[in-house]
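Survey of secondary and tertiary structure
Residue-level listing of the chains:
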Amino acid sequence: MKNLKSNRRTFIKSSALGALGMITVPSLLTGCVGQESKTGTPGNTFIKEDAKGLVFATPESQGVPSEAIIEMLETLESKQVCMHSFMLLRHGAVVAEGYWPTFNKDKFQRMYSVSKSFTSVAIGLMITEGKLKLDDKIADIFPEDLPANPHPFILQATVRDLLTMSTFNPRSVPMQAGHTSVWSFLNSGETLRPPGAIFAYDTQGTNTLAAIVEKKEGMPFLEYMRPKILDPIGFSKDTYCIQNTDGRSWSGSGVLCTARDMARFALLCMNMGAFEGTQLVSKEYMQAATSRQIDNTLGRNEAEMKYGYGYQFWCLRDGGFAGYGMGGQYFLCMPKYDTILVTTGDAQLDSEGLNEILGAYMVLLKRVGNSMADNSLAQNKLSSKIESLTFRLPDGQLQSPAASRYNGKTFKMENNPMKLTEFRLSFKQDEATLDYTNANGKFSIRIGLGQYLPQSFPEPYSGKVSGIRDTYYDILTAGAWTSENVFMCTVKAVDYYLGTLRMQFAFQNDTVCVQMIKQAEMFWDNYQGVGWGRG
């Protein structure tokens, strides 16, 4: 990979196509919501450096046709994949960047299981510093958390086994009330198997890896990484990881950062732990971490997740590697093409979300090559495309004759899984209001018609500590009539926790059937099921 930051002058001279060695580019090409200069007029030179260290260039200067990026975005739109952001990098430079409202370049988002790759690099740093070995046994590090008569498989498990998701547990075990995450991992009560043998996804194993760092260093694992890795690569100062109730980092799922932060981290990994000529993490470790260490053919159903697993990194076809996070938090590194795609999103509704994103990316990769003449027409078209990114509204009609029949009518609900006792829908020209009562109290949600309405969800859920309900999530809501008597509402959580809740109200004379379905990890559990009521 070309190191743009370490030798910027040489890069500008060798990459420029014009007589003066400079090319102008519409400022929107790397446009994000709220970015300076959204006019689309030519702005800075073709290459610029973000205040925090990222380098930007036109797609064509790095051998990527702007039309190929447009086609990738249009493919994802046609597949209805819910995206929040994307960044495309070639030869270490950002060649395109975009955000769907309400997301932007400065907004933190939970990266879910991409957090596992951060944990791996923290372990790699400890190994680089000689503070840990891959063959160190977990039982020797946490003797206080061992069962009274530990099984030999527990005693045999090493750091390497946890990194490769080949622990003694057959699955990721939950936290047990009154105990730590490590104790829960070592005392699962599951039918055990030899460590190092079979791949089985295990988030609690990742939490245990971070607990190793935190026990040895006496600080959260991100703080340990801060001066040695995160600060040098320009990572956001206020990034953090959600904690478990035991005070340790939920490193298997809880890192929060920006899309640009994830791009910086992906670049570090693509450079095998090096940054601006300095090796921050052992190259040997990073090469092993990002390559196939264990077969995972039987461990996943998704077609694109069967190319092997490294040390908390997924292997891709064609020699690539990735960090995968639930819902669309991905960095997809393809060394063969010297290209990285970073995405964030909420594709939990779409079981094929990963396949769709990776598939569209692979199509784009077939079109990258050497630098080419800038295509201002295509670049302007790409800028316009990025500027117009928006969430798809629910299908259906904004008005229905039923709206006047049921406007403001209170329905009393029979016993149902949601513990919904009563509700009413009130309709206006461009929005509706859902007032309802459940086991937790009386609540109200505004629903946009032909628009998404921003607001806070009325019930609190977990914030910086998992399991502590103290946070009211930012949401977007929109609704539509899918038939004359059926009203549908979509609620998108667009906060640090991501999820989608869909509510259907099917009216029949004086009765109504209510169905709620949620795709959200560890919240909205009381908004699932089917019930009926009478008005």
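Since the structure is predicted, the reported quantities are computational estimates derived from the model, not experimental observations.

**A few points about the sheet that holds strand β9 (residues 255-257)**
Spatially, the 3 strands line up as an open sheet ordered β7-β9-β8, and their pairing is antiparallel. The strands lining the two open edges of the sheet, one partner per strand, are β7 (109-110) and β8 (240-241). Here 2 bridges tie β8 to β9, and the two strands are oriented antiparallel to one another. Bridged to Cys241 within β9 is Val255.

**Regarding the pairing of strand β25 (residues 498-508)**
Two elements, strand β24 (residues 486-494) and β25, share 9 bridges in a ladder whose sense is antiparallel. Its bridge partner lying in β25, Val486 is registered against Ala506. Adjacent in sequence and paired antiparallel, β24 and β25 are bridged by 3 residues. Taken together, the 10 bridges between β25 and strand β26 (residues 511-520) define a ladder with antiparallel strand orientation. Counted as the bridge partner of Ala506 is Cys513 from β26. Between β25 and β26, which follow one another and run antiparallel, lie 2 residues, and Asn509 among them has a positive phi close to 55°.

**Points about the packing of aromatic side chains**
One pass over the full model with this rule turns up 36 aromatic pairs. Taking the centre distance of 5.8 Å and the plane angle of 80° together, the rings of Phe265 and Phe331 count as edge-to-face. Remark: Phe331 occurs in strand β14 (residues 329-334) and Phe265 occurs in helix α10 (residues 259-270); sequence separation between them is 66 residues. These aromatic residues form a ring-pair network of at least three members: Tyr436, Phe443, Phe457, Tyr461, Tyr473, Tyr497, Phe523, Trp524 and Tyr527. Its guanidinium or amino end placed over the ring of Phe103, Lys107 lies 4.5 Å from that ring's centre, counting from NZ or CZ. Positioned above the aromatic ring of Tyr240 is the side chain of Lys464, whose terminal nitrogen or guanidinium carbon lies 4.7 Å from the ring centre.

Reading guide: rules and limits
- Residues numbered from 1 in each chain as written.
- Predicted model: local features only at pLDDT ≥ 70, side-chain atom pairs only at ≥ 80, totals over all residues.
- Heavy atoms only, no water.
- Pairing = 2+ DSSP bridges.
- Helix = DSSP H or I, 4+ residues; strand = E, 2+ residues; numbered from the N terminus.
- Phe/Tyr/Trp six-rings, centres within 6.5 Å; stacked < 30°, edge-to-face > 60°.
- Lys NZ or Arg CZ within 6 Å of the ring centre and 35° of its normal.

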